[in-house]
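What follows is each chain in one-letter form.
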Amino acid sequence: MPSSPQYVIALDQGTTSSRAIIFDDRAQIQGCAQREFAQIYPQTGWVEHDAMEIWASQRATLTEVLAKTGMSPTDISAIGITNQRETTVIWNKHTGRPIYNAIVWQCRRTAEICEQLTADGLSDYVQEQTGLVIDAYFSGTKIKWLLDNVEGAREQAERGELLFGTIDTWLIWKLTEGRVHATDYTNASRTMLFNINTLTWDDKLLKALAIPRSLLPEVKASGEIFGYAYLGGSGIGLADKEISNNGGKVAIAGVAGDQQAALFGQLCVNKGMAKNTYGTGCFLLMNTGLQKVRSQFGLLTTLAIGAQGEVNYALEGSVFMGGAIIQWLRDELGLIRSAEDTEYFAGKVSHTNGVYLVPAFVGLGAPYWDPYARGTLMGLSRGANRNHIIRAALEAIAYQSQDVLHAMQQDAGIALSALKVDGGAVANDILMQFQADISDIDVVRPTLLETTALGAAFLAGLAVGIWQNTEQLSQMLIQGQRFTPAMRQSQRETLYQGWKKAVTRSQHWENTADRPEET
Ligand SMILES: Nc1ncnc2c1ncn2[C@@H]1O[C@H](COP(=O)(O)OP(=O)(O)O)[C@@H](O)[C@H]1O
Ligand SMILES: O=P(O)(O)OC[C@H](O)CO
């Protein structure tokens, strides 16, 4: 008799929405539920989320996907969690309530703390021990800000009453009803507090930021059992009820930051394999195996996951505004009604008519790392129209990815034969073709675009024995579409030079000393 199928739920907690996806043991999606939640912008450059709303939205998707598929928790073999990284929550371990909103990875409020760390001569130490550059992007300075600015927080922290977590840790804590305070290596490596050489929290950095060690979670491998979520018979959060069999008690068996999960979901588990994810931001990661590459070009060294689930190193280039620039065209300029419209309008013209859009709205990430850069629209002439601007926005996503790709290939000394891609914006064929053209590389889009969730599901399924190894996983992945370069080299060079010129115009713009007095 054939054995009955097994299922894994992946919880994909992203910057703009929470998703729950059920995969079967053939890696086929059985059901999906998604909830958006509020983006909170209290001041220019500040971004927050309500951590309770994140939990509520994630819990709702979990309940909904079970209801939609007619499954009960006993049908689920494991849960995988993947999350927006760096976003920082601190909560009281007795009440289970956050002391403040979550500070989101995009938030720039701690730029001054970073300047102080740099002035204190910590740049080299941070790069050598954490693989990162000192930047407001990472969790460390966000924790310090919370402890210094939320009334009574530091005293509570000293008394051991507070816990810190990235969103994976927050969800694990909630799903296990406060039993487990843990994270995985990939998320820990985004805090600027984790030593990627020793794989432990770094005492020198904790001291520099005055962060008590008691706040920090235990760090585990990405593919192991973290604890059990009590999904109960009819809902979530029934931990207090006696559960005699496995009914309702599901292993949380895979945890990874979303970019590392996507890398694993694309099976980039060996040295020299890379993927680019086009979501709110763009994140290009290359697995460098057991070799820790120190970037000469402003890329990050971060932790990833190898074929056996072991810790690998990766190079990463992060672009802050990827698909988000499309949201801006839609929400702030009203040039389009939906992200898909960009393909229609950009397709009406074959070039941007000399227009460049540099989306440095929250500064520039790799390889520039300029928190003071700001968005610019360059090269406008009387003939420039909305189609050109929309096309320039799409091209900007590809140019920024090319900046990172170029730096990465130089750092790693590896020329990629193809770029694997995923994320919401890869649905756009014009963007994909332009990426292939400007980077002179084959761009390979999988059939299943949910590679982030798939990566978390793979990790969890491997940990509980649904799958045996990554070779078995590779047989289930179906290759999708390949975009091949079709641009003359001279044209490529001219266009790219224009982009570099536009970037220099956007840099070092926001300098408080230059700002006119506000009246
Ligand atoms: N057809 C499209 N063309 C261009 N951009 C798109 C398209 N569809 C979605 N996007 C962009 O992709 C992003 C959503 O991708 P997703 O992977 O869901 O992001 P995240 O996980 O960061 O929330 C949005 O910023 C949206 O503007
Ligand atoms: O939520 P996403 O997909 O935009 O990913 C956010 C990144 O993890 C931030 O580092």
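Residues numbered from 1 in each chain as written. Chains lettered and ligands numbered in written order. Predicted model: local features only at pLDDT ≥ 70, side-chain atom pairs only at ≥ 80, totals over all residues. Heavy atoms only, no water.

Draft legend 1. Broad picture of the sheet that holds strand 2 (residues 17–24). Across the sheet, which stays open at both edges, the 6 strands sit in the order 3-2-1-5-14-13 with mixed pairing between neighbours. Sheet topology places strand 3 (29–36) and strand 13 (227–230) at the edges, where each strand pairs with a single neighbour. Each strand axis lies, on average, 25 degrees off the axis of its neighbour in the sheet, ignoring direction. As judged from the 7 bridges shared by strand 1 (residues 7–13) and strand 2, these two strands associate in the antiparallel manner. By the bridge assignment, Gln13 is partnered in strand 2 with Ser18. Each of strand 1, strand 2, strand 3 and strand 5 (76–83) is contacted by helix 1 (residues 51–69), which is oriented at about 150 degrees to strand 3, the strand it contacts most. (Pairing = 2+ DSSP bridges. Helix = DSSP H or I, 4+ residues; strand = E, 2+ residues; numbered from the N terminus. Axes fitted to C-alpha atoms, helices over the stretch in contact; angles between N-to-C directions. Contact = heavy atoms within 4.5 Å.)

Draft legend 2. Representation of the environment of Ile167 in the model. The topology assignment puts Ile167 in helix 6 (residues 167–175). Taking the relative accessible area as the measure of exposure, Ile167 reaches 0% and is therefore buried. Note: C-alpha distance between Ile167 and Gln479 (312 residues apart in sequence) is 31 Å. Excluding residues that lie within four positions of it along the chain, Ile167 makes contacts with Gln13, Ile54, Asn83, Gln84, Thr87 and Val89. (Buried < 20%, exposed > 50% of the residue type's maximum accessible area, 1.4 Å probe, protein only.)

Draft legend 3. Main features of the pattern of salt bridges. With the rule as written, the count across this model stands at 27 salt bridges. Asp12 serves as the salt-bridge partner of Arg19, at 3.5 Å between the closest nitrogen and oxygen. Judged by its relative accessible area of 22%, Arg19 is partly exposed. Exposure remark for Asp12: the relative accessible area of 5% places this residue in the buried category. If you follow the salt bridges from partner to partner, you end up with Arg85, Glu86, Arg190, Asp258 and Glu316 in one network. (Salt bridge = Lys/Arg side-chain N within 4 Å of Asp/Glu carboxyl O.)

Draft legend 4. Molecular detail of the UniProt feature "binding site: glycerol" (unreviewed entry) in the protein chain. Those residues carrying the UniProt feature "binding site: glycerol" (unreviewed entry) are Arg85, Glu86, Tyr137, Asp258 and Gln259 in this numbering. Tracing the chain through its elements places Arg85 in the loop between strand 5 and strand 6 (89–92). Contact partners of Arg85, with chain neighbours within four places excluded, come to Trp105, Tyr137, Asn187, Arg190, Gly257, Asp258, Gln259, Gln260, Phe283 and Glu316. Note that Tyr137 resides in the loop between helix 3 (123–130) and helix 4 (139–149). For Tyr137, a relative accessible area of 0% gives the class buried. For Tyr137, the side chain forms a polar contact with the side chain of Arg85, separated by 3.3 Å. (UniProt positions renumbered as here; feature names shortened; annotations may be inferred. Polar contact = N/O pair within 3.5 Å; in protein donor to acceptor, adjacent residues only side chain to side chain.)

Draft legend 5. Highlighting the pairing of strand 5. The element strand 5 is extensively covered by neighbouring structure, given that 7 of its 8 residues are classed as buried. Across 7 bridges, strand 1 lies against strand 5 in parallel orientation. Looking at the pairing, Ile9 lines up with Ile79 of strand 5. Where strand 5 meets strand 14 (residues 249–257), 5 bridges bridge the pair, whose relative direction is parallel. Considered in strand 14, the bridge of Ile81 is made with Val255.

Draft legend 6. Region of the structure containing the UniProt feature "binding site: ATP" (unreviewed entry) in the protein chain. Sequence positions flagged by UniProt for "binding site: ATP" (unreviewed entry) are, in local numbering, Thr15, Thr16, Ser17, Thr280, Gly323, Gln327 and Gly424. Taken together, the annotated residues stretch across 410 residues yet fold into one region, lying no more than 13.9 Å apart by C-alpha. Within the fold, Gln327 resides in helix 10 (residues 324–331). Contact partners of Gln327, with chain neighbours within four places excluded, come to Thr16 and Glu332.

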